[in-house]
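Inside the fold
Next come the chains, spelled out residue by residue.
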Number of protein chains: 2
Amino acid sequence: MGISGGRDRPVGRPRRRQEEGTGVIPSDGPGFDEVIARSQAACDALSEEEDGLKREVLAHAGNRWPLGVVHALGVAGTLRHAELARRLEGVTQRMLTRTLRQLERDGLILRHDHREVPPRVDYALTELGRGLLMGMMPLWTWVIDNAASFRAARRRFDGQDAP
Amino acid sequence: MGISGGRDRPVGRPRRRQEEGTGVIPSDGPGFDEVIARSQAACDALSEEEDGLKREVLAHAGNRWPLGVVHALGVAGTLRHAELARRLEGVTQRMLTRTLRQLERDGLILRHDHREVPPRVDYALTELGRGLLMGMMPLWTWVIDNAASFRAARRRFDGQDAP
DNA sequence: CAGCATCCCCAAGGATACTG
DNA sequence: CAGTATCCTTGGGGATGCTG
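Residues numbered from 1 in each chain as written. Chains lettered and ligands numbered in written order. Predicted model: local features only at pLDDT ≥ 70, side-chain atom pairs only at ≥ 80, totals over all residues. Heavy atoms only, no water.

**Considering the overall build of chain A**
Spelled out, the test is: A run of DSSP states H or I qualifies as a helix once it reaches four residues; a run of E qualifies as a strand once it reaches two. Both are numbered from the N-terminal end. The cut-offs for exposure are 20% and 50% of the maximum accessible area for each residue type, with area from a 1.4 Å probe on protein chains only; residues under the lower value are buried, those over the upper are exposed, and the others partly exposed. Areas reported here follow the Shrake-Rupley algorithm with a probe of radius 1.4 Å; residue values treat only the protein chains shown as occluding.
Regarding its fold elements, chain A presents 7 helices and 3 strands. For chain A, the N- to C-terminal ordering of α and β elements is α-α-α-β-α-α-β-β-α-α. The burial tally for chain A puts 49% of its 163 residues in the buried class. Split by element, the accessible area of chain A, about 8,100 Å² in all, is 51% carbon and sulfur.

Structure, rendered in structure tokens:
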């Protein structure tokens, strides 16, 4: 489904020239309009099920641990449960296990149980997992680069209606 | 903080050659290792506060409506509350308002209240908002392109331990 | 029209204790 | 070591009704 409603309101798109001082990188310039147009087309072509799936996969990006796990595995290659726990710092076994199961379910990581005693299980990224990691990087670094802008925006917002 | 623990375990990174049949695009090839290395450096340099901020901003990507709003505004340029509600299809006023406030707080959209009767308020992306949209696109289209892989992975996972 | 108030549900996430 | 099982808190999100 995606965007509903009709094509009403051609809108000359008169934006540009309205941010008072967010002081940000000129991240568009290449081709904002073209990018948007293509993505709109892609989204309109999505079935309801595909749309749901898309959001569920994207949700990994918004949750606490998934990206940390994927990143750690991307760096190290293969890690055991305890090694991941050490690298994530702060994660509980419960959350780590849950996270790993979900990532495995979505085909982003592979779980290999050596079936030994004591237990030995290690995890590695799949091709899909590496793709996600690669896809996240631009956004990730962009967010980091603009951390100051976000902080400033929040302070402005929180300060003008709260006190 | 980021990744904790030491540099232990150089790990020759012996991956590659382990996905049984996820059947995905060869999304790396350009420079997976370099990308990871750079991102690790960036993450290690993050303060705890920056790390939290990063996750909070990224969370917009995982939630139900934020990206829909940003996308709609990216396409249309400027939209009123009701116009957004129509385009989002399924959103309630409550969630739309909440979403808009959060996006405004993070400096991603601008809210312009014309202070008329009847009320007239419209929203537009800020430079930061356009940046987020641009940053999301690669990942977004990647997820859409690989929807089939995710579906397959889930079916495989759900089928092998549930029944 | 824009949006706040209220009620309710559920998944993410933390803490803690226990097991094969 | 790698997990389960329990309990509890938050915040996203849907439904519905009311107001300036």
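**Quick notes on the packing of aromatic side chains**
Residue and element names in this part refer to chain B. We count it as follows: Geometry of aromatic contacts follows a simple scheme: Phe, Tyr and Trp rings, the Trp one being its six-membered ring, pair when their centres are within 6.5 Å, and the pair is stacked under 30 degrees between planes, edge-to-face over 60, tilted otherwise. Criterion for a charge above a ring: Arg CZ or Lys NZ at most 6 Å from the ring centre, at most 35 degrees from the ring normal.
Applying the stated criterion across every chain, the model contains 2 aromatic pairs over all chains. Between the aromatic rings of W142 and F150, the centroid separation amounts to 5.7 Å while the plane-to-plane angle is 80°, which identifies the pairing as edge-to-face. The lysine or arginine in question, R64, covers the ring of W65, its NZ or CZ lying 4.1 Å from the ring centre.

**Some details on the pattern of salt bridges**
Stated formally: When a carboxyl oxygen of Asp or Glu lies within 4 Å of a side-chain nitrogen of Lys or Arg, that pair is called a salt bridge.
Counted under the stated rule, the structure contains 20 salt bridges over all chains. As a salt-bridge pair, A:R55 and A:D51 come within 4.0 Å of each other at their nearest N and O atoms. Taken together, the residues A:R55 and A:D51, both in helix α2 (residues 48-62) and 4 residues apart, mark about one turn of the helix. The exposure class assigned to A:D51 is buried, which follows from its relative accessible area of 11%. Its salt-bridge partner being B:E49, residue A:R151 comes within 3.2 Å of it at the nearest N-O pair. Here B:E49 lies in helix α2 (residues 48-62) and A:R151 lies in helix α7 (residues 147-161), a pairing that spans two chains. Looking at A:R151, the relative accessible area reads 26%, which means it is partly exposed. The network of salt bridges with shared partners includes A:E49, A:E50 and B:R151.

**Things to note about the environment of B:A82**
Here B:A82 lies in helix α4 (residues 81-88). Residues B:A82 and B:D122, spaced 40 residues apart in sequence, show a C-alpha to C-alpha distance of 9.3 Å.

**Digging into the UniProt feature "domain: HTH hxlR-type" (unreviewed entry) in chain A**
Heads up, the rule is: UniProt positions are given in the numbering used here, feature names are shortened, and annotations may be inferred rather than shown by experiment.
Per the UniProt entry, the sites bearing "domain: HTH hxlR-type" (unreviewed entry) are residues 43-151 of chain A in this numbering. Overall, residues 43-151 of chain A shows 67% helix and 12% strand. The separation of its end C-alpha atoms is 31 Å.

**Some thoughts on the pairing of strand β3 (residues 121-125) of chain B**
All names here are of chain B. The criterion, for reference: Only strands joined by at least two bridges in the DSSP assignment are considered to pair.
Counting buried positions along β3 gives 5 out of 5 residues, so the element sits mostly inside the fold. Here β3 shows two buried faces, one formed by V121, Y123 and L125 and the other by D122 and A124. Pairing of strand β1 (residues 78-80) with β3, which is carried by 3 bridges, proceeds in the antiparallel orientation. Pairing of L79 across the sheet is with Y123, part of β3.

**Remarks on the confidence of the model for chain A**
Predicted coordinates in areas of low pLDDT are best not read in detail. The cut-off we apply is this: Note: pLDDT gives the predictor's confidence per residue, expressed from 0 to 100. Every residue pair with non-hydrogen atoms within 4.5 Å of one another is taken to be in contact.
When pLDDT is averaged across chain A, the result is 83; 80% of the residues are at 70 or more. A low-confidence stretch, residues 1-25 of chain A (pLDDT under 50), is modelled with 57 contacts involving residues beyond four sequence positions or located in other chains.

**Digging into the protein's contact with DNA strand C**
We apply this condition: Nearness here has a simple test: a residue counts as near a molecule or strand if at least one of its heavy atoms is within 4 Å of that partner. Within 3.5 Å is the distance limit for a polar contact, defined as a pair of N or O atoms, with the added protein rule that one can donate a hydrogen and the other accept it, and that residues adjacent in sequence qualify only through two side-chain atoms. By the convention adopted, Pro, Cys, Tyr, Trp, Phe, Met, Ile, Leu, Val and Ala count as nonpolar, Lys, Arg, Asp and Glu as charged, and the other residues, Gly among them, as polar.
Around DNA strand C sit 19 residues, and of these A:R64, A:W65, A:R94, B:A82 and B:R111 come closest. By atom count, sugar and phosphate contribute 66% of the portion of DNA strand C lying within 4 Å of the protein. Contact between DNA strand C and B:R101: a phosphate oxygen at 3.1 Å from a side-chain N or O atom of the residue. Listing elements by their share of the surface near DNA strand C, those giving two or more residues are α5 (93-105) of chain A together with α4, α5 (93-105) and β3 of chain B. Residue classes in the surface near DNA strand C are distributed as 7 nonpolar, 5 polar and 7 charged.

**Here's the deal with the sheet that holds β3(B)**
All names here are of chain B. For clarity, the threshold we go by: Axis geometry follows a simple rule: fit a line to the C-alpha atoms, using only the stretch in contact for helices, then measure angles between N-to-C directions, giving values from 0 to 180 degrees.
One open sheet accounts for 3 strands, arranged β1-β3-β2; its pairing is antiparallel. Single-partner strands in this sheet number two, and they are β1 and β2 (109-113). Averaged over all adjacent pairs, the angle separating strand axes in this sheet is 25°, with direction ignored. Of the strand pairs in this sheet, β2 and β3 are connected by 5 bridges, and their pairing is antiparallel. Among the inter-strand pairings, R111 is bridged to a residue of β3, identified as Y123.

**As for the sheet that holds strand β1 (residues 78-80) of chain A**
All names here are of chain A. Pairing is antiparallel in the open sheet, where 3 strands are placed in the order β1-β3-β2. Edge positions in the sheet fall to β1 and β2 (109-113), since each of these pairs with one other strand and no more. Looking at each pair of strands side by side, their axes are set apart by 25° on average, direction ignored.

**Considering the environment of B:P66**
Residues and elements named next belong to chain B. Along the chain, P66 turns up in helix α3 (residues 66-76). Note: C-alpha distance between P66 and T141 (75 residues apart in sequence) is 17 Å. P66 has contacts with H60, T99 and L103, leaving out every residue within four places of it along the chain.

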